[in-house]
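Chain by chain, the residues run as shown.
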Amino acid sequence: MIKKNSMLAKLLRPLLLLFPLLLVACDKPVQESAELTDSQREALEIRVEERWRARIAHDWEKAWEFTSPAYREVFPKHLYVKKFSYTANWELTGLEVTNYDPSAAVASVVVRVMSKPTKQTSAAAKAIGAMPRELHERWILVDSEWWFSANY
């Protein structure tokens, strides 16, 4: 037992009083940035544009390469390619990163495209022409690389 007047007690008393504060401070998670850095945002926008260039070219094999590594483990390229048709043409008109969740490393992106059928089968389709569309995509950050999340 430490005597109240001992030198050791005088040294330990302030430490014992500060110990609960240290525990509370250590218990808090590291604050992650809720915003993307400029370089992360730029890298994401480049990946989104590259994926859409592949889609516009109907290069489904190239588009598959932008899906997440976990997705590609489950869905081989030949199955991915079969799920698409060539009935629409697109023109990429814009994209916007709308949200980022740092705890999940997931970014939400709105992609704006003009979409029109490849075959104009009716007078109405010809009259309407290209239609604007907004597509909501999720992109995940894995090992400092952005990947399209095909499952959400």
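First, a word on what this report is: a plain description of the structure on this page.

## What about the pattern of salt bridges?
Right, on to step 1. Tallied over the full model, the rule gives six salt bridges.
Right, on to step 2. As a salt-bridge pair, Arg-112 and Glu-96 come within 3.0 Å of each other at their nearest N and O atoms. Residue Arg-112 is located in strand S2 (residues 106-117), and its partner Glu-96 is located in strand S1 (residues 88-101); the two are separated by 16 residues in the primary sequence.
Right, on to step 3. The class of Arg-112 is partly exposed, set by a relative accessible area of 27%.
Right, on to step 4. One network of salt bridges, with partners in common, ties together Lys-62, Glu-65 and Lys-77.

## A look at the packing of aromatic side chains
Right, on to step 1. Taken as a whole and judged by the stated rule, the model has eight aromatic pairs.
Right, on to step 2. On the numbers, 5.0 Å between centres and 65° between planes, the contact of Tyr-80 with Phe-84 is edge-to-face.
Right, on to step 3. For Tyr-80, a relative accessible area of 2% translates into the label buried.
Right, on to step 4. Following the ring pairs from residue to residue traces out a cluster consisting of Trp-52, Trp-60, Tyr-71, Phe-75, Tyr-80, Phe-84 and Trp-90.
Right, on to step 5. A cation over an aromatic ring shows up here: Arg-55 above the ring of Trp-90, its NZ or CZ 4.9 Å from the ring centre.
Right, on to step 6. The cationic tip of Arg-72 hangs over the ring face of Trp-64; the distance from NZ or CZ to the ring centre is 5.8 Å.

## What to know about unusual backbone geometry
Right, on to step 1. Although it is not a glycine, Ala-105 adopts a positive phi angle of roughly 55°.
Right, on to step 2. With respect to the secondary-structure elements, Ala-105 resides in the loop between S1 and S2.
Right, on to step 3. Of note, the phi angle at Ser-144 is positive, near 65°, even though the residue is not glycine.
Right, on to step 4. Following the sequence through the fold, Ser-144 ends up in the loop between strand S3 (131-142) and strand S4 (145-148).

## Topic: the nonpolar core
Right, on to step 1. Judged by nonpolar contacts, the single largest core of 25 residues is most densely connected at Leu-44, Val-48, Trp-52, Val-109, Trp-139 and Trp-146.
Right, on to step 2. Breaking this core down by element, the ones donating at least two residues are helix H2 (38-56), helix H3 (60-64), S1, S2, S3 and S4.
Right, on to step 3. Looking at this core, the element that brings in the most residues is S1, giving five residues.
Right, on to step 4. The residues touching Trp-146, leaving out its near neighbours within four places in the chain, are Leu-36, Gln-40, Ala-43, Leu-44, Arg-47, Tyr-100, Ala-105, Ala-107, Trp-139, Ile-140 and Leu-141.

## Here's the deal with the sheet that holds S2
Right, on to step 1. Judged by pairing direction, the sheet is antiparallel, and its four strands sit side by side in the order S1-S2-S3-S4 without closing on themselves. A single partner strand is all that each edge strand has here, and the edge strands are S1 and S4. Direction aside, neighbouring strands of the sheet carry axes that sit 30° apart on average.
Right, on to step 2. In terms of strand pairing, S2 meets S3 through 10 bridges, oriented antiparallel. Bridged to Val-111 within S3 is Leu-135.
Right, on to step 3. Contacts between H2 and the sheet are confined to S1, S2, S3 and S4, with S1 contributing the most and set at about 155° to the helix.

## Overview of the side chain of Ser-68
Right, on to step 1. Looking at the secondary structure, you find Ser-68 in the loop between H3 and helix H4 (69-74).
Right, on to step 2. On the basis of relative accessible area, Ser-68 is assigned to the buried category, the value being 7%.
Right, on to step 3. Among residues more than four places away in sequence, those in contact with Ser-68 are Ile-140, Trp-147 and Phe-148.

Reading the values: the criteria
- Residues numbered from 1 in each chain as written.
- Predicted model: local features only at pLDDT ≥ 70, side-chain atom pairs only at ≥ 80, totals over all residues.
- Heavy atoms only, no water.
- Salt bridge = Lys/Arg side-chain N within 4 Å of Asp/Glu carboxyl O.
- Helix = DSSP H or I, 4+ residues; strand = E, 2+ residues; numbered from the N terminus.
- Buried < 20%, exposed > 50% of the residue type's maximum accessible area, 1.4 Å probe, protein only.
- Phe/Tyr/Trp six-rings, centres within 6.5 Å; stacked < 30°, edge-to-face > 60°.
- Lys NZ or Arg CZ within 6 Å of the ring centre and 35° of its normal.
- Core = buried A, V, L, I, M, F, W, Y, C linked by side-chain atoms within 4.5 Å.
- Contact = heavy atoms within 4.5 Å.
- Pairing = 2+ DSSP bridges.
- Axes fitted to C-alpha atoms, helices over the stretch in contact; angles between N-to-C directions.

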